[in-house]
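Per-entry structural report
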Amino acid sequence: MQVRVKLYGTLGKGVAGYDHPSGLTVEVNDGATVVELLAQLGIPLKKIGMVSLDGRLAGKTAALRPGMMVKVFHPIFGG
Amino acid sequence: MKLIRVDMTAKSIQTEDLPQAYAGLGGRALTSNYINDHVPATSDPLGPDNILIFAPGYFSATPLINTSRLSVGAKSPLTGGIKESNVGGTVAAALGNLGITAIVVEGQAPAGETWLLKIDQDGQPELVEGLAYRELRTYALVEKLVDAYGPKNSVTCIGPAGERQLSAASIQTTDMDGHPCRAAGRGGLGAVMGAKGLKALIVSRAGNAADSLADTEAFKAAAKAYAKAVKADEFSGEILPALGSACLVAAINEVGAFPTRNAREGQFEHADRISGETMARIIRERGGKTTHKGCAQCIIDCSNEFVDKNGKYVTSSLEYETIWSMGGMIGNGDLDAIARLDFLCDDIGLDTISTGVAIGVAMDAGHKSFGDAQAAIAMVEEVAAGTDFGKIIGNGPVAVGKHFNHDRVPVMKGQSMAAYDPRAIQGMAVTYATSPMGGDHTAGWVVDQNLEAFGGTLDRFSAEGQVEASRNTQIHMAAVDSVGICDFAQSGLAAPGGIDNVYRMVAAKSGQPFGEEDWQAMGLRVLKAERAFNRRAGFTPADDRLPRMFYEEPLPPHNKVVVISDAEMENTFDF
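First things first, this report covers the structure right here in the doc.

Reading the values: the criteria
Residues numbered from 1 in each chain as written. Chains lettered and ligands numbered in written order. Predicted model: local features only at pLDDT ≥ 70, side-chain atom pairs only at ≥ 80, totals over all residues. Heavy atoms only, no water. Helix = DSSP H or I, 4+ residues; strand = E, 2+ residues; numbered from the N terminus. Buried < 20%, exposed > 50% of the residue type's maximum accessible area, 1.4 Å probe, protein only. Lys, Arg positive; Asp, Glu negative; His and termini not counted. Charge placed at Lys NZ, Arg CZ, Asp CG, Glu CD. Axes fitted to C-alpha atoms, helices over the stretch in contact; angles between N-to-C directions. Parallel < 35°, antiparallel > 145°, perpendicular 65-115°, else oblique. Left-handed = near helix turned anticlockwise from the far one by under 90°. Contact = heavy atoms within 4.5 Å. Nonpolar A, V, L, I, M, F, W, Y, C, P; charged D, E, K, R; others polar.

On to the overall build of chain B, then. A tally of helices and strands in chain B yields 23 helices and 17 strands. Principal axes of the C-alpha set define a box for chain B whose edges measure 55 × 50 × 50 Å. Put simply, chain B has 575 residues, and 66% of those count as buried. Treating the 51 positive side-chain charges of chain B as one cloud and the 70 negative ones as another, the clouds have centres 2 Å apart.

Written out as structure tokens, the structure reads:
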């Protein structure tokens, strides 16, 4: 299945072909979780502050569904 | 450890040793304790009995990075309570390098007089008649002061808003490039400076008389470890240099906590147009600067220089709070207009947060449409022009609400909230309501506990744990604001052993043992002084509340209200 991914801050720098305005479409296994997607993208967990799935904050083990918008954010401090 | 006392009534100056009662204090600890001890709490904030005090942080002008933080204290004309507003730039390091621990400005020059306080490279202060600089906006003022006194000074000044004694007036100070773009914005302290008749401090940056350290080697070792941690941290080492604090726009908007159109909604549909990612791209494409050094001794470089389509300087530094107050809060998705509004506020000497919220309240009341950036610019220009409506905008959101008889005014103790809606992050409700400062995000920023670690270690929509988180953070921040470590360099504290390095540095400067209990005591001493002042000024527990809109109006998209009870608010501090 495919999900759409947006990477914020400097997270996109390490992902080949990432363009922030258009984001990325990623092929993942059916039933893949947030951490599995991050591992597939090669983004270490320590670089992550929060992840949203279709606009809702999600835990590490939340399951992805086809067509979801996954937004991945860096740690934050403010402000 | 000198204290310079300036009497604006008598035009006299005394330089004395810092009184023993304030030994070991700097920044907010010094300003708040001094104001609590010396200012009658019921006095007129714009009268001769109020005192304006400037104090660098305890670590300013030491080898520690990111410590050019100046605290400014007084009774606030905006809140009617005690106020500490702190700012970066170069002035704190400059004062520290002159061995000046505080400047205390007392009394009041007669109306119509304008004065400059000049401090030379030997730390000698002098009051200089400054009528020629009256009514100048800050950029023009600094240009003239450079012509008159040379470039090797730090200038801390007010614009027309401060001279008109408007309650949202800021005190501006110069950055590393000499732009007066750094603001002690909150609480209307520019109006207090204006009421004193003081237009600017001109402080030599050539001082060479910083306070000695009791144990220089121990200090340097801890400072080096601290700096290494700041550099190694993901946020301060990589994200802030690339995007600045604007990196927060997308994140806070995504979680529905980005107050939009006078906090009627928690998400702004044009957030992508004004996000840090977009801002950094535009700056790069136009030849402006990201990764820009705004403050002395900074190793983060979170500042930026925003330029127009022709590559010409517009403003520095475009920050998260301003992008919100002049963006989402007024329904404006035009980043160029936000940059223009940021510049105008700096130039006129206005707090961008209070001014943006004031405009938002005016738009909410139907004065102009949300999203009308040109109307917003015109409103800010009216402040400089001194029109009747300009005075209302310049006096902040409460004045605007009264003018339009409009009760949706998102303020706490008279000061507007910042860019985190408390309905979507309950801990911020506690901080906004209970901080002696009024609505203030830096007083106790508990956003990370509510969002990070994949969704927060606290339930952001529940009251559970929020009071404790806010209390602990407010005590901690009171200490941070006293030693004068930049908020963004707190990443050094989060590293293993990081806070111990801070204790070691306090001990190495003072020569006295210092540990966790002392850190807590420092923070508590500040808050106790501030709360004592506010009580004498007439504040009661009923003032530790939010406006009704936050309890009654569910905030889209999560449709939550503030659920912290009055009793829980009152349990935050038991002193």
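That covers the picture; the talk isn't over yet.
Here we take up the packing of helix α12 (residues 352-364) of chain B against helix α13 (residues 373-385) of chain B. Residues and elements named next belong to chain B. Running from amino to carboxyl end, α12 crosses α13 at an angle of 120°, the nearest separation of the two axes being 11 Å. One element, α12, and the other, α13, form an angle in the oblique class. You can see that α12 and α13 cross each other, and the crossing is right-handed. Mapping the contact onto sequence places Thr355, Ile359, Ala362 and Met363 in α12 and Ala376, Met379 and Val380 in α13. Partitioning the contact of α12 with α13 into residue classes produces six nonpolar, one polar and no charged.

Residues and elements named next belong to chain B. Mapping Thr431 onto the fold places it in helix α16 (residues 426-434). By relative accessible area, which is 0% here, Thr431 ends up buried. Residues contacting Thr431, with those up to four places away along its chain left out, are Asp440, Ala443, Gly444, Ser470 and Gln474.

The next subject is the packing of α16(B) against helix α18 (residues 466-483) of chain B. If you want to describe how two helices pack, look at the angle between their axes and the distance between the axes. Residue and element names in this part refer to chain B. Two numbers describe how α16 lies on α18: the axes approach to 8 Å, and their chain directions differ by 50°. Overall, the two elements α16 and α18 adopt an arrangement that is oblique. Helix-helix and strand crossings are classified by hand; for α16 and α18 the assignment is right-handed. Here Gln426, Gly427, Val430, Thr431 and Thr434 of α16 come into contact with α18, specifically with Gln466, Val467, Ser470 and Gln474. Among the residues making up the contact of α16 with α18, the classes are represented as two nonpolar, seven polar and no charged.

Residues and elements named next belong to chain B. Mapped onto the secondary structure, Leu78 falls in the loop between β4 (70-75) and β5 (82-87). Exposure remark for Leu78: the relative accessible area of 12% places this residue in the buried category. Not counting residues within four places of it along the chain, the set of residues in contact with Leu78 comprises Ser167, Gly187, Gly188, Ser354, Asn395, Lys413, Gly414 and Gln415.

With that settled, consider the side chain of Thr101(B). Looking at the element boundaries, Thr101(B) is found in strand β6 (residues 100-106). Thr101(B) gets classed as buried once you look at its relative accessible area, which sits at 10%.

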